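Inside the fold
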Amino acid sequence: MNFGRVLTAMITPFDKNSEVDYEKTARLAEYLLKNGSDGIVVTGTTGESPTLTCDEKIKVLQAVKEAAGKAPVIAGTCSNNTQASVELTKRAEKAGADGILAVTPYYNKPPQEALYRHFKTIADCTSLPIVLYNIPGRSVINIQPETVARLAKIENIVCVKESSGVMDIASNIQRLTDDNFSLYSGEDSLTMPLLGLGAVGVVSVASHLVGKEIHQMVDLYMEGKHDQALKIHLYLMDIFKKLFIVANPIPLKYALNKTGLLGFEVGSCRMPLIDPLNSEKAVLDECLCNYGLL
């Protein structure tokens, strides 16, 4: 199963008082779906999930779901607390989510058997499809391919957002799972290589700014036009990388506010994240100019 070729890991807009702006949240979702996104992932890392309350996460989900129409909306509901993940997952299902993004538990470093039981417990509490999210850069540990393969046998665990950056991990996930289980790139810069390993698409950050180009790249690859897809990949590499010169979503929020693409500002990040430093702004400004976004 897959939810589309380009899913955007959406930011959460805040007002000047760092309160969630739900009206802008809905407008942003509408913009993304008109500009290259097949679906939306809310309240994930890019959505600053660590600093959102559970009530805010549900309200963000509801705002995006209402704006999205038939497009799939996947909700990040999971943390390093299994019971809390279960409770929020149940709330998200009642609120209309089309799927659940389940991140690897961070900080407490569970072993592989514990990871299996954690994700199985979450899957057992809902009828929604589950997207595993492997991101060792933030969670310290990998979901090993063998563990992913075990989890893939659970009916509603349907795909993985793979953000380890290790091609061997992605290769072994593909080797150990069947065609009913899908692989998504979790990093824009690795979408093209992972398409070569059978990925069905990307959960993208840069699609806020260059969503149509990313979708065109994936479409061309799927049509067998690999050389044309590669040209787009290479063209977009600089913006892929510059959006991560400091912790995501600091550069992205700055870029959206600076370019005015949306017709409204999305606010700053909540503490402990801050606005980019002047030196970082200069790098981002140059990059945005190079892509004709400023």
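Residues numbered from 1 in each chain as written. Predicted model: local features only at pLDDT ≥ 70, side-chain atom pairs only at ≥ 80, totals over all residues. Heavy atoms only, no water.

1. Some remarks on the packing of aromatic side chains
For the record, the criterion: Between 30 and 60 degrees the pair is tilted, below 30 it is stacked and above 60 it is edge-to-face, where a pair is any two Phe, Tyr or Trp rings, Trp via its six-membered ring, whose centres lie within 6.5 Å. Numbered from the N terminus, helices here are DSSP runs of H or I no shorter than four residues, and strands are runs of E no shorter than two. Cation placement over rings: the criterion is NZ of Lys or CZ of Arg within 6 Å of the ring centroid and within 35° of the ring normal.
A complete count under the given rule lists 1 aromatic pair for this structure. Both rings, one in Tyr235 and one in Tyr291, keep their centres 5.1 Å apart while their planes meet at 65°; by these two values the pair is edge-to-face. In this pair, Tyr235 sits in helix 10 (residues 226–242) while Tyr291 sits in the segment after helix 12 (278–290), placing the two residues 56 residues apart along the sequence. The ring of Tyr116 carries the charged tip of Arg150 above its face, separated from the ring centre by 3.8 Å.

2. Quick notes on empty space enclosed by the protein
Operational definition: Think of a 1 Å grid over the protein atoms and nothing else: a 1.4 Å probe that fits but is trapped marks a cavity, an open set flanked by protein within 12 Å on at least five of seven lines marks a pocket, and residues with an atom within 4 Å of a point count as lining. Grid points are joined across faces, edges and corners, and a volume is the space filled by probe spheres set on the points. Classification convention: Asp, Glu, Lys, Arg as charged; Ala, Val, Leu, Ile, Met, Phe, Trp, Tyr, Cys, Pro as nonpolar; all other residues, Gly among them, as polar.
This model, assessed by the stated rule, comprises 2 cavities of 30 Å³ or more. Here the largest cavity defines a volume of roughly 40 Å³. In this structure, the largest cavity is lined by Phe3, Leu7, Val41, Ile74, Leu101, Val131, Cys159, Tyr184 and Val203. A per-class count over the lining of the largest cavity returns 9 nonpolar, no polar and no charged. Forming the boundary of the second largest cavity are Ile239, Lys242, Leu243, Ala255, Leu284, Cys287 and Leu288. Sorting the residues of the lining of the second largest cavity by element identifies helix 10 and helix 12 as the ones contributing at least two each. The dominant element in the lining of the second largest cavity, judged by the number of residues it contributes, is helix 12, at 3 residues. Among the residues making up the lining of the second largest cavity, the classes are represented as 6 nonpolar, no polar and 1 charged.

3. Regarding the layout of surface pockets
In this structure, the largest pocket occupies an estimated 480 Å³ of space. As for the largest pocket, its lining consists of 26 residues, of which Thr45, Ser49, Pro50, Tyr106 and Arg138 are closest to the centre. Space inside the second largest pocket adds up to approximately 380 Å³. In terms of lining residues, the second largest pocket is bounded by 24 residues, among which Ile135, Ser163, Gly186, Glu187 and Phe244 are the most central. Top element by residues in the lining of the second largest pocket is helix 5 (residues 136–139). It accounts for 3 residues.

4. Section: the pattern of salt bridges
For clarity, the cut-off: Only one rule defines a salt bridge in this text: a Lys or Arg side-chain nitrogen within 4 Å of an Asp or Glu carboxyl oxygen. Throughout this description, buried means an accessible area under 20% of the type-specific maximum (1.4 Å probe, protein chains only), exposed means over 50%, and partly exposed covers the range between.
Under the counting rule described, the total for this entry stands at 12 salt bridges. A salt bridge links Arg91 to Asp55, with the nearest nitrogen and oxygen atoms 2.9 Å apart. One end of the pair, Arg91, is in helix 3 (residues 82–94); the other, Asp55, is in helix 2 (residues 54–68), and 36 residues separate them in sequence. The class of Asp55 is partly exposed, set by a relative accessible area of 44%. Here Lys225 and Glu223 are joined by a salt bridge, their closest N and O atoms 3.5 Å apart. What emerges from the salt-bridge pattern is a single network uniting Glu113, Arg117 and Arg150.

5. Comments concerning helix 12
Our working definition: Here, expected helix span is obtained from the residue count minus one, scaled by 1.5 Å. The arc in question is the one spanned by the directions pointing from the helix axis to the C-beta atoms.
Between its terminal C-alpha atoms helix 12 stretches 18 Å, which fits the 18 Å expected from 13 residues at 1.5 Å a residue. Of all the residues in helix 12, the buried ones are Glu280, Leu284, Cys287 and Leu288. Viewed end-on, helix 12 has its buried residues packed into an arc of 95°, placing them on one side of the element. Opposite the packed face of helix 12, turned more than 90 degrees from it, sit the exposed residues Asn278, Ser279, Glu286 and Asn290. Directly beyond the C-terminal end of helix 12, a positive phi value near 70° is found at Gly292.

6. A word on a nonpolar patch on the surface
Operational definition: Two distance rules govern patches: like charges are joined within 9 Å, and nonpolar side chains (Val, Leu, Ile, Met, Phe, Trp, Tyr) within 5 Å, applied only to residues with over 30% relative accessible area and no salt bridge. Where accessible areas are quoted, they stem from the Shrake-Rupley method and a 1.4 Å probe; at the residue level, only the protein chains shown are allowed to cover.
There is a patch of nonpolar side chains on the surface, built from Met271, Ile274 and Leu277 and spanning about 330 Å² of accessible area. With respect to the helices, strands and loops of the structure, Met271 is situated in the loop between helix 11 (250–259) and helix 12. Overall, Met271 belongs to the exposed group, its relative accessible area being 64%.

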